[in-house]
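Inside the fold
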Amino acid sequence: MPTPLPPDWSDRLALDRAHVWHPFTQMQIHEADPPVAVAGGEGCDLLLANGERVLDGISSWWTCLHGHGHPRLVSALERQAARLDHVMFAGFTHEPALELVARLRPRLPAGLTRAFFSDDGSTAVEVALKMAFQAQFQRGEKGRDRFGALRGGYHGDTLGAVGVGELENFMTGLFRPLLLTCERLEVPEDPRRELRPDLTGWPERLETARQGMRRFFTEHGARLAAFIAEPLIQCAGGMRMWPPELLAELRAQCDAHGVYLILDEVATGFGRTGTFLASEQVGVAPDLLCLSKGLTGGTLPLSLTWATEAIYAHFWGEPASGRAFLHGHSYTANPAACAVACASLALFDEEPVLARAAAIHEAMKAAFLTLSEHPAVRQARVLGTIGACRLVDPATGAAHDPSLRFGWRLHRRALDHGLLARPIGDCLYLLPPLNTPPARIQEAAATLLELLSS
Ligand SMILES: Cc1ncc(COP(=O)(O)O)c(C=O)c1O
């Protein structure tokens, strides 16, 4: 049974119920299960208003990098807010934005030299899509009015980003008439990431996928402004880990067909896959790179779209030339957010953040290997600090009937056992802050095993 909330919370929950509309939520569910009241955050834990402590097993939607309330991030925020809270970024510049680009630039592929600031993952993607389209247009490629994307991808919820996300799922299908034109390419999941892999026929399947990618570009390449992909793992698509060889092939195909490659590292960046960027593992450099989420260590919204000098050059000209990139947001390059991002990047220099990620990787493999013994678990797999599996009905081996809301119930029960886990459809995963002690991951797996068995 959950610990009851302090009495004063009943008024606050009534206020929430009366006026608040929560994201990704059929609000009717909160009639029976009100939102979980959170009072604080400490390290890898969230402190609930009922006094309980839960492991933030999904880093609060993959944002929290060094733990909640990291003193270095908090003091950077306080200092900067007192000095300069905000200033518009058109025609102005400031130290935190400059320090941020100076700190980040050396960690990125050498060709990415131009940083465009925006607010969140979706806007970083919008910026990349618009930049790609306009750059193609201004270099004389005027017929490139479509995008390519991987089937099963997710790039955010603004309409441009929805247009390159997976169209067939419930979040985006409805909006089809409003969206830009996107050609989608299927890539297989990589069985080599599985802890109990079945590699039968894998080289042939990989080769078939490679050929399919080549045919896709032969058919669509001339019309595409850009192809967008999350490198190595499609996170919101259900932690689909796809083969690195196909990312290298994607780069080659984009080059061969004059298509810009946009890599969306909004979720995969900042050590989540074991390296600073996921694309580093393949040595692939995009033309446009989207970063957000972990950029500020998970403290404030901020994003960056990095572009190559060649793309930037297509926007250069006399003011009257009409070549400028006319896009921006009120809070573009917010100084407080930039200062926290600098503090987060400084931690990568000063603390063994990637070594901790390596320790989490080992713990994650052990945890999901244990989980994979349960008959309700299939396809346990790990990439860097991300562990995932598919949940099935052990009696039939088939997916749970969605109307039973198995994932939601597991999520709510796990909270009562000290763990924030929130399956995406039938995908159960863990993606904790990078400062999580490995023993806590084993505990999380034990909790999940107990819940799956009960
Ligand atoms: C790969 C990817 N791109 C873009 C986004 C959108 O980011 P935001 O929710 O900050 O708009 C997400 C969010 O989960 C994401 O996973």
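Notes on the structure follow. (Residues numbered from 1 in each chain as written. Predicted model: local features only at pLDDT ≥ 70, side-chain atom pairs only at ≥ 80, totals over all residues. Heavy atoms only, no water.)

Sheet architecture is open: 4 strands sit in the order 1-2-3-15, paired in mixed fashion. Edge positions in the sheet fall to strand 1 (38-42) and strand 15 (419-420), since each of these pairs with one other strand and no more. With 3 bridges joining them, strand 2 (residues 45-48) and strand 3 (residues 53-56) adopt antiparallel strand pairing. The residue of strand 3 that forms the bridge with Leu46 is Val54. (Pairing = 2+ DSSP bridges. Helix = DSSP H or I, 4+ residues; strand = E, 2+ residues; numbered from the N terminus.)

Moving on, we come to the side chain of Asp16. Tracing the backbone shows Asp16 in helix 1 (residues 9-19). Buried Asp16, no salt bridge; nearest opposite-charge side chain is Arg17, N-O distance 8.5 Å. For Asp16, the side chain forms a polar contact with the side chain of His22, separated by 2.9 Å. With residues up to four places along the chain from it excluded, the contact list for Asp16 reads His22 and Pro35. (Buried < 20%, exposed > 50% of the residue type's maximum accessible area, 1.4 Å probe, protein only. Lys, Arg positive; Asp, Glu negative; His and termini not counted. Salt bridge = Lys/Arg side-chain N within 4 Å of Asp/Glu carboxyl O. Polar contact = N/O pair within 3.5 Å; in protein donor to acceptor, adjacent residues only side chain to side chain. Contact = heavy atoms within 4.5 Å.)

Quick look at the packing of helix 5 (residues 95-104) against helix 11 (residues 335-350) now. Contact geometry of helix 5 with helix 11 gives a least axis separation of 8 Å together with a crossing angle of 30 degrees. Taken together, the axes of helix 5 and helix 11 are roughly parallel relative to one another. Along this stretch, helix 5 crosses helix 11, giving a crossing that reads as left-handed. Of the residues in helix 11, those in contact with Pro96, Ala97, Glu99, Leu100, Arg103 and Leu104 of helix 5 are Pro335, Cys338, Ala339, Ala341, Cys342, Leu345, Ala346 and Asp349. By residue class, the composition of the contact of helix 5 with helix 11 is 11 nonpolar, no polar and 3 charged. (Axes fitted to C-alpha atoms, helices over the stretch in contact; angles between N-to-C directions. Parallel < 35°, antiparallel > 145°, perpendicular 65-115°, else oblique. Left-handed = near helix turned anticlockwise from the far one by under 90°. Nonpolar A, V, L, I, M, F, W, Y, C, P; charged D, E, K, R; others polar.)

Attention now goes to the side chain of Arg381. In this structure, Arg381 sits in strand 13 (residues 377-383). Engagement of the side chain of Arg381 in a polar contact is seen with the backbone oxygen of Gln379, the distance being 2.8 Å.

For the rest of this paragraph, the subject is the nonpolar core. Core analysis: the largest hydrophobic core is formed by 67 residues, its most contacted members being Leu100, Leu104, Phe217, Phe227, Met239, Leu250 and Phe270. Taken domain by domain, the makeup of this core includes at least three residues from each of domain 1 (9-66 + 355-453) and domain 2 (73-350). For Leu250, the residues in contact, after removing those within four places along its chain, are Met213, Phe217, Phe227, Ala229, Trp242 and Leu261. Among the nonpolar cores identified, the runner-up in size contains 26 residues, and Ala128, Ala226, Val266 and Phe315 belong to it. (Core = buried A, V, L, I, M, F, W, Y, C linked by side-chain atoms within 4.5 Å. Domains from an automatic or database assignment.)

Looking at the ligand, the residues that line it are Trp62, Asp120, Gly121, Ser122, Tyr154, His155, Gly156, Glu230, Asp264, Val266, Ala267 and Lys293. Contact distances for the ligand include 2.6 Å between a nitrogen atom and a side-chain N or O atom of Asp264. Contact distances for the ligand include 3.0 Å between an oxygen atom and a side-chain N or O atom of Lys293. Protein coverage of the free-state accessible area of the ligand, which is 390 Å², stands at 84%. When grouped by side-chain class, the residues that make up the shell around the ligand number 4 nonpolar, 4 polar and 4 charged. (Near = heavy atom within 4 Å. Areas by Shrake-Rupley, 256 points an atom, 1.4 Å probe, with all protein chains shown as cover.)

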